[in-house]
Amino acid sequence: MTDEHDPRDGDEPVVQTRYSCNEKASEAVIRALAVAEGVRPTELDLLYESIDPEALDSLLGDPVISDDPPTRIEFGASDYIVVVSSNGRIAVLELDGQ
């Protein structure tokens, strides 16, 4: 990710948020997807249908701010692409053609 404000080659996020050491990355992803869908988090399909939440949390851990490029994980969920970075940033983008 070369520009920390641009999560995916110029695509405009539907939702941008952050996670911190007080919240697991998977919980913040669920929160962000709920905002994108305009529903409560409990109304979403299970995140397990898109990615293993424990693996996501294990790979990212607490956010790390450094001069090195962040680790970035992208996956599809519902009608969106979710981009989660090890620096705590989360972006939810619409799939092409939406």
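What counts as what
- Residues numbered from 1 in each chain as written.
- Predicted model: local features only at pLDDT ≥ 70, side-chain atom pairs only at ≥ 80, totals over all residues.
- Heavy atoms only, no water.
- Helix = DSSP H or I, 4+ residues; strand = E, 2+ residues; numbered from the N terminus.
- Expected span 1.5 Å × (residues − 1).
- Buried < 20%, exposed > 50% of the residue type's maximum accessible area, 1.4 Å probe, protein only.
- Contact = heavy atoms within 4.5 Å.
- Salt bridge = Lys/Arg side-chain N within 4 Å of Asp/Glu carboxyl O.
- Arc of directions from axis to C-beta.
- Polar contact = N/O pair within 3.5 Å; in protein donor to acceptor, adjacent residues only side chain to side chain.
- Pairing = 2+ DSSP bridges.
- 1 Å grid on protein atoms, 1.4 Å probe; cavity = no way out; pocket = protein on both sides within 12 Å on 5 of 7 lines; lining within 4 Å.
- Points joined across faces, edges and corners; volume = space filled by probe spheres on them.
- Nonpolar A, V, L, I, M, F, W, Y, C, P; charged D, E, K, R; others polar.

Moving on: helix H1 (residues 25-37). For H1, with 13 residues, the first-to-last C-alpha span of 18 Å sits near the 18 Å given by 1.5 Å per residue. Three or more residues of H1 are buried, namely Ala25, Ser26, Ala28, Val29, Ala32, Leu33, Ala34 and Ala36. Of the surrounding secondary structure, the elements contacted by the buried residues of H1 are strand S1 (15-18), helix H2 (53-60), strand S2 (72-77), strand S3 (80-85) and strand S4 (89-94). Downstream of H1 by one or two residues, Gly38 has phi in the positive range, about 75 degrees.

A separate point is the pattern of salt bridges. This model, assessed by the stated rule, comprises 3 salt bridges. Note that Arg31 and Glu23 form a salt bridge whose closest N and O atoms lie 2.7 Å from each other. A relative accessible area of 30% places Arg31 in the partly exposed class. Linking Glu43 and Arg40 is a salt bridge whose minimum nitrogen-to-oxygen distance equals 4.0 Å.

Moving on, we get to the environment of Asp11. By secondary structure assignment, the location of Asp11 is in the segment before S1. Residues Asp11 and Leu95, spaced 84 residues apart in sequence, show a C-alpha to C-alpha distance of 9.9 Å.

Right, let's talk about H2 for a bit. Buried within H2 are the following residues: Pro53, Leu56, Asp57 and Leu60. Viewed end-on, H2 has its buried residues packed into an arc of 95 degrees, placing them on one side of the element. Set apart from the buried face of H2 by more than 90 degrees, the exposed residues are Ser58 and Leu59. N-capping of H2 is provided by Asp52, with a side-chain oxygen placed 3.0 Å from the backbone N of Glu54. A positive phi of about 55 degrees marks Gly61, the residue just after H2.

Before going further, it helps to examine the pairing of S1. Every second residue of S1 is oriented toward a common face, the buried set being Val15 and Thr17 and the non-buried set Gln16 and Arg18. Looking at chain direction, S1 and S4 are connected through 4 bridges and run antiparallel. Following the sheet pairing, Gln16 is matched in S4 by Ala91.

What follows deals with the layout of surface pockets. Volume-wise, the largest pocket comes out at about 320 Å³. Leu33, Leu44, Asp45, Leu46 and Leu47 are, among the 16 residues lining the largest pocket, the residues nearest its centre. Ranked by the residues each element gives to the lining of the largest pocket, the list is headed by H1, at 3 residues. Class assignment for the residues of the lining of the largest pocket results in 10 nonpolar, 2 polar and 4 charged.

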